Amino acid sequence: MIAGVSSALPVRTREIEQQLQARLQPTRLEVLDESAAHAGHSGANAEGFGTHFRIRIASPLFTGMTRVARHRLVYDALQNFIDQGLHALAIEIIESP
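These figures come from a predicted structure and were not determined experimentally.

Undergrad: Sorry if this is basic, but what is going on with helix 1 (residues 13–24) here?
TA: The periodicity of an α-helix, 3.6 residues per turn, causes residues three or four positions apart to be oriented the same way. The end-to-end C-alpha distance of helix 1 is 16 Å, a good match for the 16 Å that 12 residues give at a rise of 1.5 Å each. Inspection of helix 1 places I16, L20 and L24 among the buried residues, and these make up the whole buried set. The buried residues of helix 1 occupy an angular sector of 30° when projected down its axis, which confines them to one face. Seen from the open side of helix 1, the exposed residues pointing more than 90 degrees away from its buried face are R14 and A22.

Undergrad: What's the story with the packing of helix 1 against helix 2 (residues 67–77) in this structure? I'm lost.
TA: When two helices pack together, their arrangement is given by the angle between the helix axes and by the axis-to-axis distance. Running from N to C, helix 1 and helix 2 cross one another at 120°; their axes reach a closest spacing of 9 Å. Taken together, the axes of helix 1 and helix 2 are oblique relative to one another. Crossing hand, helix 1 versus helix 2: right-handed. For the pair helix 1 and helix 2, contact is made by Q19, L20, R23 and L24 and by L73, V74, D76 and A77, respectively.

Undergrad: Explanation requested: the nonpolar core in the structure shown.
TA: A general feature of soluble globular proteins is that nonpolar side chains tend to end up buried together. I16, L20, L24, I55, V74, L78 and L89 are the most contacted members of the largest nonpolar core, which has 15 residues in total. Put simply, the parts of the chain that give this core at least two residues each are helix 1, strand 4 (52–58), helix 2 and strand 5 (88–93). Those residues in contact with I55 that sit more than four places away from it in its chain are I16, L20, L29, E30, V31, V74, L78, L89, A90, I91 and E92.

Undergrad: In this structure, what is going on with the environment of I82? I would like to understand it.
TA: Structurally, I82 can be placed in helix 3 (residues 79–84). Its relative accessible area of 27% is what places I82 among the partly exposed residues. Taking the C-alpha atoms as reference points, I82 and T51, 31 residues apart in sequence, are found 9.0 Å from one another.

What counts and how
Residues numbered from 1 in each chain as written. Predicted model: local features only at pLDDT ≥ 70, side-chain atom pairs only at ≥ 80, totals over all residues. Heavy atoms only, no water. Helix = DSSP H or I, 4+ residues; strand = E, 2+ residues; numbered from the N terminus. Expected span 1.5 Å × (residues − 1). Buried < 20%, exposed > 50% of the residue type's maximum accessible area, 1.4 Å probe, protein only. Arc of directions from axis to C-beta. Axes fitted to C-alpha atoms, helices over the stretch in contact; angles between N-to-C directions. Parallel < 35°, antiparallel > 145°, perpendicular 65-115°, else oblique. Left-handed = near helix turned anticlockwise from the far one by under 90°. Contact = heavy atoms within 4.5 Å. Core = buried A, V, L, I, M, F, W, Y, C linked by side-chain atoms within 4.5 Å.

Here's what the structure looks like:
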């Protein structure tokens, strides 16, 4: 293993999308794998994908919740991926159309 490079299996964008669809019933969802931009950084892997993601999401489940509570819902929904080596999430809560 290269220093600072994770040996965990990479997470796939589609897997994250499916998990968020099932758990949060989003009305809008965009999952971007930004791992390539973090090559050589902590948590990156040799494959260049599957470790750093940006999630843009709107969900009726967020209604009336604080920003922190909304982010916690997303993190909780993806905990199994975090346990598998997902290193970083950038979460953008967007308004439903």
